Amino acid sequence: MIPQVFKLVCVLFCLGLGVYSVPGFAEDEVAEEAAEGEEGEAAPPPAIYLPIKPSFVVNYGGKGRLKYIKAELSVRLASTEAANSVRHHLPLIRNNLVMLFSSQTDESVNSQDGQEALRQAILAEIQEIVMTEDAIEGVMDVFFTTFFVQR
């Protein structure tokens, strides 16, 4: 009696595995078709996020009491070529961004609109450097991962 029950459980278990393994193949095919797109084109590669390290600590605001900005940035890139270009030109990028941060005013860093304008200026600066130096269009966006102001 026990050996027959054991055989029955084994057969049911194997049948269950067979039933659950078939949809896996179908899911793979659906994922491949979705990746190809509607016209058979390959899907664009995923974006690359490159943190700009170390963080920026810069005084700003001109004369008077010293005020500081601490900012950490990540750059969103479309290709490894663009990522390599940003890495290669990082000293120039950092220099220009330090100058950009230090030219800020209280009004520009205290408001949401001012911070967004600063982010757009940083993006334009990085895009210009990468385009001028290597003729690569792949810098998609810049994100503040940390932004502190000390007045």
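Just so it is clear, the structure is predicted and the values come from calculations on it, not from any experiment.

Reading the values: the criteria
Residues numbered from 1 in each chain as written. Predicted model: local features only at pLDDT ≥ 70, side-chain atom pairs only at ≥ 80, totals over all residues. Heavy atoms only, no water. Helix = DSSP H or I, 4+ residues; strand = E, 2+ residues; numbered from the N terminus. Buried < 20%, exposed > 50% of the residue type's maximum accessible area, 1.4 Å probe, protein only. Contact = heavy atoms within 4.5 Å. Pairing = 2+ DSSP bridges. Core = buried A, V, L, I, M, F, W, Y, C linked by side-chain atoms within 4.5 Å. Axes fitted to C-alpha atoms, helices over the stretch in contact; angles between N-to-C directions. Parallel < 35°, antiparallel > 145°, perpendicular 65-115°, else oblique. Nonpolar A, V, L, I, M, F, W, Y, C, P; charged D, E, K, R; others polar. Salt bridge = Lys/Arg side-chain N within 4 Å of Asp/Glu carboxyl O. Patch = residues over 30% accessible without salt bridge, like charges linked within 9 Å, V, L, I, M, F, W, Y side chains within 5 Å. Areas by Shrake-Rupley, 256 points an atom, 1.4 Å probe, with all protein chains shown as cover. Arc of directions from axis to C-beta. Phe/Tyr/Trp six-rings, centres within 6.5 Å; stacked < 30°, edge-to-face > 60°. Lys NZ or Arg CZ within 6 Å of the ring centre and 35° of its normal.

### Details of the overall build of the protein chain
- For the protein chain, the count of helices and strands is five helices and three strands.
- Scanning the protein chain from its N terminus toward the C terminus, one meets helices and strands in the order α-β-β-α-α-α-α-β.
- Buried residues in the protein chain amount to 26% of all 151 residues.
- Sequence separation of at least 24 residues holds for 70% of the intrachain contacts in the protein chain that already meet a minimum separation of 6.

### A closer look at the pairing of strand 2 (residues 67–77)
- Where strand 1 (residues 48–60) lies against strand 2, ten bridges are found, and the strand directions are antiparallel. Its bridge partner lying in strand 2, proline 51 is registered against serine 74.
- The loop that links strand 1 with its antiparallel partner strand 2 comprises six residues; one of these, glycine 61, has a positive phi angle of about 95 degrees.
- Sheet topology note: the strand 2/strand 3 (residues 139–150) ladder contains ten bridges and is antiparallel. By the bridge assignment, tyrosine 68 is partnered in strand 3 with glutamine 150.

### Side note on the nonpolar core
- Counting 27 residues, the largest nonpolar core has Val86, Leu97, Phe101, Ile122 and Ile126 as its most contacted members.
- Only strand 1, strand 2, helix 2 (80–88), helix 3 (90–102), helix 5 (112–134) and strand 3 provide two or more residues apiece to this core.
- It is helix 5 that provides the largest number of residues to this core, a total of six residues.
- Non-local contacts of isoleucine 122, meaning those with residues more than four positions away in its chain, are made with Leu73, Leu97, Leu100, Phe101, Val142 and Phe144.

### Quick look at the packing of helix 2 against helix 3
- Packing of helix 2 against helix 3 leaves a shortest axis separation of 5 Å and a crossing angle of 70 degrees. Considering their axes alone, helix 2 and helix 3 lie roughly perpendicular with respect to each other. Side by side, helix 2 and helix 3 meet where Val86, Arg87 and His88 of the first sit next to Leu90, Pro91 and Ile93 of the second.
- For the contact of helix 2 with helix 3, a count of residues per class yields four nonpolar, one polar and one charged.

### Observations regarding the pattern of salt bridges
- Scanning the model with the defined rule gives three salt bridges in all.
- With a shortest N-O distance of 2.5 Å, aspartate 141 and arginine 119 are connected by a salt bridge. Remark: arginine 119 occurs in helix 5 and aspartate 141 occurs in strand 3; sequence separation between them is 22 residues. Arginine 119 carries the same exposure label as aspartate 141, and that label is buried.

### Quick look at a nonpolar patch on the surface
- Judged by side-chain polarity, Val57, Leu66 and Tyr68 come together as a nonpolar surface patch covering roughly 280 Å² of accessible area.
- Among the structural elements, tyrosine 68 can be located in strand 2.

### Focus on helix 2
- Buried within helix 2 we find Ala82, Ala83, Ser85 and Val86. Projection of helix 2 onto a plane perpendicular to its axis shows the buried side chains occupying an angular sector of 160 degrees, all on one side.

### Quick notes on the packing of aromatic side chains
- Tallied over the full model, the rule gives three aromatic pairs.
- Summarising the aromatic geometry, the rings of phenylalanine 56 and phenylalanine 101 are spaced 5.3 Å apart at their centres and angled 50 degrees between planes, so their arrangement reads as tilted. You can see phenylalanine 56 sitting in strand 1 and its partner phenylalanine 101 sitting in helix 3, a full 45 residues away along the chain.
- The ring of phenylalanine 56 has arginine 94 lying over it, and the distance from NZ or CZ to the ring centre is 4.2 Å.

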